[in-house]
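# Observations on chain architecture
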Amino acid sequence: MKNKINKWMHRPLCIMHFALCIAMMLASCDSGDIAEQELSTADLGHTVKLTATLSGIDSWKSQYAISLAAFALGDNYARVVRTLPNTTADNTQVTLVLSHLDDDVNTVELAVTNRLRERIITLASVNMADYENTRDTIRMDLGVVDVGYMGALQRGLFDVACIQCHGGNGRSAANLNLTEGQARSNLVDVPSTRKEGMTRVKSGDAENSLLHQILNEGGEDILHYNHTEVVSSQFKENLKEVLQLIDEWIGTLID
Ligand code: HEC
């Protein structure tokens, strides 16, 4: 008898439960429909796909990461990033994709970023304005790239701000060649041709390296050419970060 009552008392609850389930199912179906409609009519945004064979990722300390990162104009913090684990072995073929990028995104970059998604230095970049009228996937096929300290400085600093004067072909200012494959041997522990007693880059000692001195504040008048101006006009959002990276690189030279 007791059982019977219990059974009957349960029944309305069960019915209610059942009804609730149906309602929830309907509700979720409904919202699904709406989402689909939105997707079919609204702008899905851009997709950028990076493919490359990368080396040097494991040289970065844990506060940094190699990322595919989307930035708005004038912003040094990425909206979205896809990062690679710092344990990625040399010569790993990688694919990174960012999708649903909205119109605020100005550039998508292969960059060194920190934990706050801040841009440290840019190794390669696509300007989204160039793809305004296409909805096709934008491809960044970079081939083989060294993304360690030296590779990052080569692509992110020397290639963009220095080699127009410090190129090869025997036409390098101050006889300093900063092109790929040459920069390291032209800088590290090489005496300055302009400042007697100074070293271009003194291994492990950024402060006493001419490179550090001419690029940082107060370095304007050391040489007959103002190099602080070169970097401050090139790196509008991340000057501090680039200068710090150079110092860290010099620090790694005695590790
Ligand atoms: C517009 C031309 C120009 C650009 C761009 C330029 N430099 Fe120079 N650089 C010079 C000139 C000219 C000198 C020699 C200055 C002198 O005689 O006092 C020089 C000298 C140097 C020296 C000293 C070399 C020595 O032996 O003492 C270093 C180091 C250097 N540049 C690094 C750089 C780096 C790094 C960049 C990029 C961030 C850069 N330069 C961009 C023109 C340039």
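Nothing here was measured: the structure is a model prediction, and the numbers come from that model.

Turning next to the overall build of the protein. Assigned secondary structure in the protein consists of 6 helices and 7 strands. Ordering the α and β elements of the protein from the N terminus gives α-β-β-β-β-β-β-β-α-α-α-α-α. Taking as baseline every contact in the protein between residues at least 6 positions apart, the subset at least 24 positions apart corresponds to 62%. For the protein, the exposed area adds up to about 15100 Å²; of that, 52% sits on carbon and sulfur atoms.

Adjacent strands of a sheet pair through backbone hydrogen bonds, lying either parallel or antiparallel. Strand order across the open sheet formed by 4 strands is β3-β2-β5-β6, with antiparallel pairing between neighbours. Two strands close off the open sheet at either side, each with one partner strand: β3 (80-84) and β6 (119-127). With strand direction ignored, the average angle separating the axes of adjacent strands in the sheet is 25°. Pairing between strand β2 (residues 64-72) and β3: 5 bridges, direction antiparallel. Bridged to S67 within β3 is T83. In the packing of helix α2 (residues 149-161) onto the sheet, the strands contacted are β2, β5 (105-114) and β6, and the crossing angle to β6 comes to about 55°. Relative to β6, helix α6 (residues 239-252) is tilted by about 120°, and along the sheet it contacts β2 and β6.

This part is about α2. For α2, built from 13 residues, the straight-helix expectation of 18 Å at 1.5 Å per residue is met to within 8% by its first-to-last C-alpha distance of 17 Å. Maximal helix bending in α2 amounts to about 30°, located at R155. Taken across its 13 residues, α2 has 10 buried, putting it largely inside the fold.

A few words now on the coordination of the iron atom of the ligand. Looking at the metal site, the iron atom of the ligand is ligated by H166 (NE2) and H227 (NE2), spaced 1.9 to 2.0 Å from it. Classification of the site at the iron atom of the ligand as octahedral follows from its 6 donor atoms and the range of 88 to 179° in their angles at the metal. Taken together, the residues H166 in the loop between α2 and α3 (183-187) and H227 in helix α5 (residues 227-234) connect sequence positions 61 residues apart. Across the pair, exposure class does not vary: H166 and H227 are buried alike.

Now for the nonpolar core. Core analysis: the biggest nonpolar cluster contains 59 residues, and V108, L157 and W249 have the highest contact counts within it. Looking at this core element by element, the count peaks at 7 residues for α2. When residues are assigned to domains, this core turns out to be shared by domain 2 (46-147) and domain 3 (156-252), each giving three or more. Those residues in contact with L157 that lie beyond four places of it in its chain are I121, A152, C162, V231, F235, V242 and I246.

A separate point is the environment of G251. One can find G251 in helix α6. Once the C-alpha coordinates of G251 and D205 are considered, the two residues, 46 residues apart in sequence, prove to be 6.4 Å apart.

Turning our attention to the environment of E220. Relative to the elements of secondary structure, E220 occurs in the loop between α4 (210-215) and α5. Residues within four places of E220 in sequence aside, it is in contact with Y225, N226 and T228. A polar side-chain atom of E220 sits 3.1 Å from the main-chain amide nitrogen of G218.

This part is about the packing of α2 against α6. Where α2 meets α6, the closest approach of the two axes is 10 Å, and the angle between their N-to-C directions is 145°. Where α2 crosses over α6, the handedness of that crossing is left-handed. Two secondary-structure elements touch here, α2 through Y149, M150, L153 and L157 and α6 through V242, L245, I246, E248, W249 and T252.

Glancing now at the sheet that holds strand β4 (residues 92-101). Taken in spatial order, the 3 strands line up as β4-β1-β7 in an open sheet, and their pairing is mixed. Sheet topology places β4 and β7 (138-146) at the edges, where each strand pairs with a single neighbour. Across the sheet, the mean angle from the axis of one strand to that of its neighbour is 15°, orientation sign disregarded. Both strand β1 (residues 46-55) and β7 contribute to a ladder of 8 bridges, which runs parallel. If you follow V48 over to β7, its bridge partner there is I138.

The rules we used
Residues numbered from 1 in each chain as written. Predicted model: local features only at pLDDT ≥ 70, side-chain atom pairs only at ≥ 80, totals over all residues. Heavy atoms only, no water. Helix = DSSP H or I, 4+ residues; strand = E, 2+ residues; numbered from the N terminus. Contact = heavy atoms within 4.5 Å. Areas by Shrake-Rupley, 256 points an atom, 1.4 Å probe, with all protein chains shown as cover. Pairing = 2+ DSSP bridges. Axes fitted to C-alpha atoms, helices over the stretch in contact; angles between N-to-C directions. Expected span 1.5 Å × (residues − 1). Bend = angle between axes of the 7 residues up to and from the residue. Buried < 20%, exposed > 50% of the residue type's maximum accessible area, 1.4 Å probe, protein only. Donors = N, O, S within 2.8 Å, 3.2 Å for Na, K, Ca; no water. Tetrahedral: all angles 85-135°; square planar, octahedral: opposite > 155°, others 65-115°. Core = buried A, V, L, I, M, F, W, Y, C linked by side-chain atoms within 4.5 Å. Domains from an automatic or database assignment. Polar contact = N/O pair within 3.5 Å; in protein donor to acceptor, adjacent residues only side chain to side chain. Left-handed = near helix turned anticlockwise from the far one by under 90°.

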